[in-house]
Amino acid sequence: MNVIVAVDKNWGIGYRNKLLVSIPEDMKFFRNETEGRVVVMGRKTLESFPGGLPLKNRTNIVLTKNRNYRVKGAVVLHSPEEVLEEIRNYSSEDVYIIGGDSIYRQFLPYCDVAHVTRIDHAYEADAWFPDISRMPEWVLTGESEEKTCFDLEYRFCRYERQGA
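Predicted model, so just to flag it, every value in this text is computed and none were measured.

(A) Spotlight on the pairing of strand 5 (residues 59–63). Burial analysis of strand 5 places four of its five residues in the buried class, the great majority of the element. Relative to strand 5, strand 4 (residues 38–42) runs parallel, the two being bridged by five bridges. Each residue of the ladder has a partner; that of valine 39, found in strand 5, is asparagine 60. The parallel pair strand 4 and strand 5 is bridged by helix 2 (residues 43–48), and the resulting crossover is right-handed.

(B) Examining the environment of serine 144 more closely. In this fold, serine 144 is placed in the loop between strand 10 (138–143) and strand 11 (147–149). As for serine 144 and tyrosine 154, which are separated by ten residues in sequence, their C-alpha atoms are 9.0 Å apart. When sequence neighbours within four positions are dropped, the list of residues in contact with serine 144 reads Arg155 and Phe156.

(C) Spatial organisation of helix 3 (residues 80–87). Burial in helix 3 covers these residues: Val83, Leu84 and Ile87. All buried residues of helix 3 project into a common sector of 100° when viewed along the axis, lining one side. At its buried positions, helix 3 is contacted by strand 4, strand 5, strand 6 (74–77), strand 7 (95–99) and helix 4 (101–107).

(D) Quick peek at helix 1 (residues 24–34). Buried within helix 1 are the following residues: Asp26, Phe30, Glu33 and Thr34. An end-on view of helix 1 places all buried positions within 85° of arc, on one side of the element. Opposite its buried face, helix 1 presents the exposed residues Pro24 and Asn32, each directed more than 90 degrees away. Looking at the buried residues of helix 1, the elements they touch are strand 1 (2–7), strand 4, strand 7, strand 8 (113–119) and strand 12 (152–161). Downstream of helix 1 by one or two residues, glycine 36 has phi in the positive range, about 80°.

(E) Representation of the nonpolar core within the structure. Grouped together as the largest cluster of nonpolar side chains are 29 residues, with contacts concentrated most on Val40, Ile97, Phe129 and Ile132. Contributions of two or more residues to this core are made by strand 1, strand 4, strand 5, helix 3, strand 7, helix 4, strand 8 and strand 12. Every residue in contact with isoleucine 97, bar those within four places of it in the chain, is listed here: Met1, Asn2, Val3, Ile4, Val40, Ile103, Tyr104, Phe107 and Cys111.

(F) Examining the environment of valine 95 more closely. Here valine 95 shows up in strand 7. For the pair valine 95 and cysteine 157, spaced 62 residues apart in sequence, the C-alpha separation works out to 18 Å. Discounting residues that sit within four places of it in the chain, valine 95 has contacts with Met1, Asn2, Val38, Val40, Ile87 and Tyr90.

Rules used throughout
- Residues numbered from 1 in each chain as written.
- Predicted model: local features only at pLDDT ≥ 70, side-chain atom pairs only at ≥ 80, totals over all residues.
- Heavy atoms only, no water.
- Buried < 20%, exposed > 50% of the residue type's maximum accessible area, 1.4 Å probe, protein only.
- Helix = DSSP H or I, 4+ residues; strand = E, 2+ residues; numbered from the N terminus.
- Pairing = 2+ DSSP bridges.
- Right-handed = clockwise from strand over helix to strand, strands pointing away.
- Contact = heavy atoms within 4.5 Å.
- Arc of directions from axis to C-beta.
- Core = buried A, V, L, I, M, F, W, Y, C linked by side-chain atoms within 4.5 Å.

See the structure below:
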């Protein structure tokens, strides 16, 4: 299973239920990685999308504690165990955990690959991704050249869980 995330210098991922920054090449990378695959997210992440609608050309799985929550075009589940059961129906390499922070924390132990866009700037954040660069079980196995978007520098990084 994969995780895909964009983080700032402090591993911040969001502020007030919005991304810290929108980088067109990162959005394209996200789309290319996840199209035709399964994305797992929390309700607030879904509601942060344009119109609060599921992502096109993907199987959208939404985790929420609200048993009355419904959304057209998505599978709505109510516990991490239900999500893990549902994703058994798909190839593990086709499943992407896409946030938010509590969803990342709950499912990171089940992931083998992390696609992390590392942004060389510190933003005000109220949501974070675990700093896997400091976790011995995660190893940086690939890194792009430094890229820029206006004056913002970033890199695409691939981390893999050792023994995965």
